[in-house]
Amino acid sequence: MSKLRINAFSVSVDGYGAGLGQDVDNPVGIGGLALFEWVFGTRTFQRMHGDRGGSTGSTGVDDDFAARGFDNVGAWILGRNMFGPIRGPWPDLAWRGWWGDDPPYHVPVFVLTHHARAPLEMQGGTVFHFVTGGIHEALARAREAAAGKDVRLGGGVATIQQYLRAGLVDEIHLAIAPVLLGRGEHFFGDLDLPALGFERSEHVATAHATHVVFTRR
């Protein structure tokens, strides 16, 4: 069976996966973009965001971890906050995500929401499906769409916590950024990862992040 994976999810040294005050000008909350400095300069990030030839950007450990996050991924799951800053019923269909006309996913993406919306087809093979039936329905649909490949859980923090508490996640890769946020959405919350069956399977530090992989026994 395909795995449900968390890859390249960035957290601060004090454990926050997003800052406060998410809006259209602050997609990851105030100060949250600092969590992703480790990946912005990598060749994988540059390729996924416009440099289709992959001729720019750094290589090395950070790039390796970024690239691994896309290997064998056939579908994604996102919480609604990861799709955009709009809350409540959709006022219209004008908002089409943070990423422009060609998002970096290139596979089906299942967005958890309480408010129905028709599928949204984008350039490059990305299709956003809006799921109102909860985390299990989203995972079942994502696994069907992935056709044997893995499903990547993109976040945000609350969505990841739901899947972890339900015992549905197989692997977690955290990129711990050398920054302090002080406030925001705390990744670990009341989670007891050892009790959920996770143990560290990989650990490597670079100048930009400490990468830790936890695998469920």
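In this text, all values refer to a predicted model and were calculated from it rather than measured experimentally. (Residues numbered from 1 in each chain as written. Predicted model: local features only at pLDDT ≥ 70, side-chain atom pairs only at ≥ 80, totals over all residues. Heavy atoms only, no water.)

Draft legend 1. Looking closely at the side chain of Arg5. With respect to the helices and strands, the residue Arg5 is situated in strand β1 (residues 4-12). A polar side-chain atom of Arg5 sits 3.0 Å from a polar atom in the side chain of Asp150. The residues contacting Arg5, other than those within four sequence positions of it, are Arg68, Gly69, Phe70, Asp71, Asn72, Val73, Asp150, Val151, Arg152, Leu153 and Glu171. (Helix = DSSP H or I, 4+ residues; strand = E, 2+ residues; numbered from the N terminus. Polar contact = N/O pair within 3.5 Å; in protein donor to acceptor, adjacent residues only side chain to side chain. Contact = heavy atoms within 4.5 Å.)

Draft legend 2. Up close: the pattern of salt bridges. Taken as a whole and assessed by the stated rule, the structure comprises five salt bridges. Across the salt bridge formed by Asp150 and Arg5, the nearest N and O atoms sit 3.0 Å from each other. With a gap of 145 residues between them, Asp150 in strand β7 (residues 150-155) and Arg5 in strand β1 connect regions that are remote in the sequence. The residues Asp150 and Arg5 share a single accessibility class, namely buried. Between Glu137 and Arg141 there is a salt bridge, with the nearest N and O atoms lying 3.5 Å from each other. A residue pair is termed a helical-turn pair when its members lie 3 or 4 positions apart in one helix, as Glu137 and Arg141 do in helix α5 (residues 135-146) at four residues. Accessibility expressed as a relative area gives 31% for Arg141, which makes it partly exposed. (Salt bridge = Lys/Arg side-chain N within 4 Å of Asp/Glu carboxyl O. Buried < 20%, exposed > 50% of the residue type's maximum accessible area, 1.4 Å probe, protein only.)

Draft legend 3. Expanded view of the packing of aromatic side chains. Taken as a whole, this structure holds 14 aromatic pairs when the rule is applied. Relative to Trp76, the ring of Phe70 has its centre 6.1 Å away and its plane inclined at 45°; by these criteria the two rings are tilted. Between Trp76 and Tyr105, the ring centres sit 4.6 Å apart and the planes meet at 75°, which makes this aromatic pair edge-to-face. Note that Trp76 is positioned in strand β3 (residues 73-79) and Tyr105 in the loop between α4 (80-83) and β4 (108-112), a separation of 29 residues in sequence. Like Tyr105, Trp76 is buried. Above the plane of the ring of Trp90 lies Arg80, whose end atom (NZ or CZ) is 3.8 Å from the centre. Just above the ring of Phe70 sits the side chain of Arg152; from NZ or CZ to the centre is 5.1 Å. (Phe/Tyr/Trp six-rings, centres within 6.5 Å; stacked < 30°, edge-to-face > 60°. Lys NZ or Arg CZ within 6 Å of the ring centre and 35° of its normal.)

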